[in-house]
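# Results of the structural survey
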Amino acid sequence: MEAQEIIRCRGHPLVLGTHPTTFEVTCEEHLSKNGNCIIGVAADKGCTGLSADFKKVLAHDDAVLVTRLSAGNVEVRVRSRGSAHLTLDHPADMVWRRSTFTCGRTTGICSDCVAATLPRELIAALRNGEEMTVTLTVTRPG
């Protein structure tokens, strides 16, 4: 089983990309220096905007989520897991976590990349306000 979603957002001059355990994309337009996990603003959807088919595949412990972040000339692939504990019910935010913690904003757990480990070229592009495409592809056996 496989499902895919595409989210469009943009960077912001205050993108820091220094959070050690998460990264986030939000529908919110503005960003403060406290939002060091936020890498994209003005997203065209949050967790609630994901399709029912996508949510169904992701909400399993054996689901594998590959997230492709593309901004400027930089592309990064982040590998995460889904979980039966995902509710995906936050209207504005999507958060990828290194840990297994889940809440309504959690999109992926056990992520192999977080804000602090993203390539600095990507963060620089986002600080310059580049548009970013976030492509989520979730697969699971069977």
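Residues numbered from 1 in each chain as written. Predicted model: local features only at pLDDT ≥ 70, side-chain atom pairs only at ≥ 80, totals over all residues. Heavy atoms only, no water.

## Points about the sheet that holds strand 4 (residues 64-71)
Pairing is antiparallel in the open sheet, where four strands are placed in the order 1-8-4-5. Among the strands making up the open sheet, the edge pair consists of strand 1 (2-10) and strand 5 (74-81). With direction set aside, neighbouring strand axes in the sheet form an average angle of 15°. Here strand 4 runs beside strand 5; their pairing, made up of eight bridges, is antiparallel. Considered in strand 5, the bridge of L65 is made with S80. Relative to strand 4, helix 2 (residues 120-127) is tilted by about 55°, and along the sheet it contacts strand 4, strand 5 and strand 8 (131-139). (Pairing = 2+ DSSP bridges. Helix = DSSP H or I, 4+ residues; strand = E, 2+ residues; numbered from the N terminus. Axes fitted to C-alpha atoms, helices over the stretch in contact; angles between N-to-C directions. Contact = heavy atoms within 4.5 Å.)

## A few points about unusual backbone geometry
The phi torsion at A42 lies on the positive side, around 55°, for a residue other than glycine. Turning to its location among the elements, A42 is positioned in the loop between strand 3 (38-40) and helix 1 (52-58). Here the phi dihedral of L88 falls at roughly 50°; this positive angle occurs in a residue that is not glycine. Mapped onto the fold, L88 is located in the loop between strand 5 and strand 6 (93-97).

## Description of the side chain of K45
Among the structural elements, K45 can be located in the loop between strand 3 and helix 1. The exposure class of K45 is buried, given its relative accessible area of 19%. Polar contacts involving the side chain of K45 include one to the main-chain carbonyl oxygen of I6, which spans 3.5 Å. With sequence-adjacent residues up to four places away left out, K45 is seen in contact with E5, I6, I7, C27, L50 and M94. (Buried < 20%, exposed > 50% of the residue type's maximum accessible area, 1.4 Å probe, protein only. Polar contact = N/O pair within 3.5 Å; in protein donor to acceptor, adjacent residues only side chain to side chain.)

## Considering the environment of G72
Here G72 lies in the loop between strand 4 and strand 5. On the basis of relative accessibility, which here comes to 48%, the residue G72 falls in the partly exposed class. With 54 residues separating them along the chain, G72 and L126 place their C-alpha atoms 8.3 Å apart. If we skip the residues at most four places from it in the chain, G72 touches E130 and E131.

## Looking at the environment of R10
Within the fold, R10 resides in strand 1. The class for R10 is partly exposed, based on a relative accessible area of 25%. Those residues within four positions of R10 in sequence are excluded, and the remaining contacts are E29, I39, G40, V41, A42, G129, E130, E131 and M132.

## A closer look at the sheet that holds strand 2 (residues 22-26)
The mixed open sheet is built from four strands, whose spatial order is 3-2-6-7. The sheet terminates laterally at strand 3 and strand 7 (106-108), the two strands that pair on one side only. Direction aside, neighbouring strands of the sheet carry axes that sit 35° apart on average. Pairing between strand 2 and strand 6: five bridges, direction antiparallel. In the sheet register, V25 faces strand 6, and the bridge partner there is M94.

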